[in-house]
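Single-letter residue listing:
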Amino acid sequence: MVDLAKRRGYVVAPYSSAIPTLSGIRAAGQTVNHDSALTFTGAYAAISIKAENLASLPKHVYRRTEKGKQMLSKHPVYKLIHHRPNSYQTDFVFWEYLEASVAGWGNGYAVIERGRDGYPKELHPINPAEMVVRREGKNVFYTVGSGTFSGNYLADDIIHVKLFTKDGIMGIDPITYHAQAIGIGLAGQQFASEYFTKKGALRGVIETDGELGNDQYRKVAERIIQSGDHGTPILEYGLKYKTIGISPDAAQAIQTRLFSIQDASRIWKVPVSLLAEHTHSTFTNTEQQDIQFVKYGLRPECKRFETELETKLFSEGESETIDIKFDLSGLLRGDSASQANWFRTAINGGYMSRNEVREQLNLDRVDGLDDFLVPSNMTLSDLLEQFNTQKNGK
């Protein structure tokens, strides 16, 4: 059992009574917890979309200099966040899990294992259900309840990415706070399952003004059974077949499933179009929703990660000049035509070289393409005067 807090002279109170339970909350006749919520398609899609997109982003380490930014591709932290955070997970799996914890639990945790040089050597993700966080005065303590990394830790030894928070210590758990909305979504799924298990509502009834005897009733029943689900029974004795549509209550319950998808969209800030709900979508507004997802749903999440990693993974001196950036530019370029136009503007505008564009397209660098191109009709006036002087031989 690890107890880094105790090694540094801190006394941590017992934690056993504070470990969260998985019993869940009863809402809309359903048990809502972090496992059952994932069976609601809207919640699963929203959480997985945010987790997968954040995990797929390129992650860079830059040093701020007088001339701009310098990429530190050989820095230990760059290798840790961009290639291999630990010995048993790929970088994609690690970041996907951490963001899924943030989106699902409101808090994502990882234990920082440092090497002899003081730099972080590995990052180990922790299940939020196993973590207890306490504030004692100016110190924040973390306790992992079980597993390989069970024990007490100081804040400097834990990566803690949190959602919107009311106390600055713990992020709000979206599944617990929105249990009613998620419960309605689960109830809608259950209703639909039971509805179709029973083959839906009655398709129709057989009416008669008279009364059928037992023999007549059996005869009619046999003919209906022989006609099958999609056949047309031959009726006699003055019987009439009357069709029945879906009941208003059933129709409203099915409509509720669409509202539940919209609830998931609001909770996790994921556009409804990405949750496969295209009732009011068009090509134009779908593209705008994608941009809004990056700006308002994914960008704040990236900033949470960036600031936490910068604070915890660098020494005090380094953190003042080194930044971590999750590169969102690839998600904002749109389709191939928009991407080509964006690169063309970058090259012609002189703020990207052709080799820099090739790198972003995963193409090899080519000799002679590192020079920046600028429009011939745009230059500094003194350079233009110097050029004309040389050209005229004066």
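None of these values were measured; they are calculated from a predicted model. (Residues numbered from 1 in each chain as written. Predicted model: local features only at pLDDT ≥ 70, side-chain atom pairs only at ≥ 80, totals over all residues. Heavy atoms only, no water.)

Overview of the packing of aromatic side chains
- In total, this model carries five aromatic pairs according to the counting rule given.
- Seen from their ring centres, tryptophan 95 and phenylalanine 326 are 5.9 Å apart, and the 80 degrees between their planes marks the pair as edge-to-face. Here the residue tryptophan 95 occupies a position in helix 4 (residues 91–105), and phenylalanine 326 occupies one in strand 14 (residues 322–326), the gap between them amounting to 231 residues. Like phenylalanine 326, tryptophan 95 is buried.
- What links up through ring pairs into an aromatic cluster is the set Phe94, Trp95, Phe305 and Phe326.
- Over the ring of phenylalanine 326 we find lysine 59; its NZ or CZ atom is 5.3 Å from the centre of that ring.
- The ring of tyrosine 62 has lysine 69 lying over it, and the distance from NZ or CZ to the ring centre is 4.2 Å. (Phe/Tyr/Trp six-rings, centres within 6.5 Å; stacked < 30°, edge-to-face > 60°. Helix = DSSP H or I, 4+ residues; strand = E, 2+ residues; numbered from the N terminus. Buried < 20%, exposed > 50% of the residue type's maximum accessible area, 1.4 Å probe, protein only. Lys NZ or Arg CZ within 6 Å of the ring centre and 35° of its normal.)

Regarding the pairing of strand 5 (residues 68–71)
- Summarising the sheet, strand 4 (residues 59–65) and strand 5 pair through four bridges and their orientation is antiparallel. Bridge pairing in strand 5 places arginine 64 opposite lysine 69.
- What sits between strand 4 and strand 5 in their antiparallel hairpin is a turn of two residues. (Pairing = 2+ DSSP bridges.)

Remarks on the sheet that holds strand 5
- Reading across from one edge, 5-4-14 is the order of the three strands in this open sheet, with antiparallel pairing throughout. Both edges of this open sheet fall to strand 5 and strand 14, since each of them pairs with a single strand only. Here the average twist between neighbouring strands, direction ignored, is 40 degrees. (Axes fitted to C-alpha atoms, helices over the stretch in contact; angles between N-to-C directions.)

Points about the sheet that holds strand 11 (residues 158–162)
- If you trace the three strands from one edge of the open sheet to the other, you get 7-6-11, paired in antiparallel fashion. Among the strands making up the open sheet, the edge pair consists of strand 7 (120–126) and strand 11. Pairwise comparison of adjacent strand axes, ignoring direction, gives a mean angle of 25 degrees for this sheet.
- The pairing of strand 6 (residues 107–114) with strand 11 spans five bridges and is antiparallel. Residue pairing for strand 11: alanine 110 is matched across the bridge by isoleucine 159.

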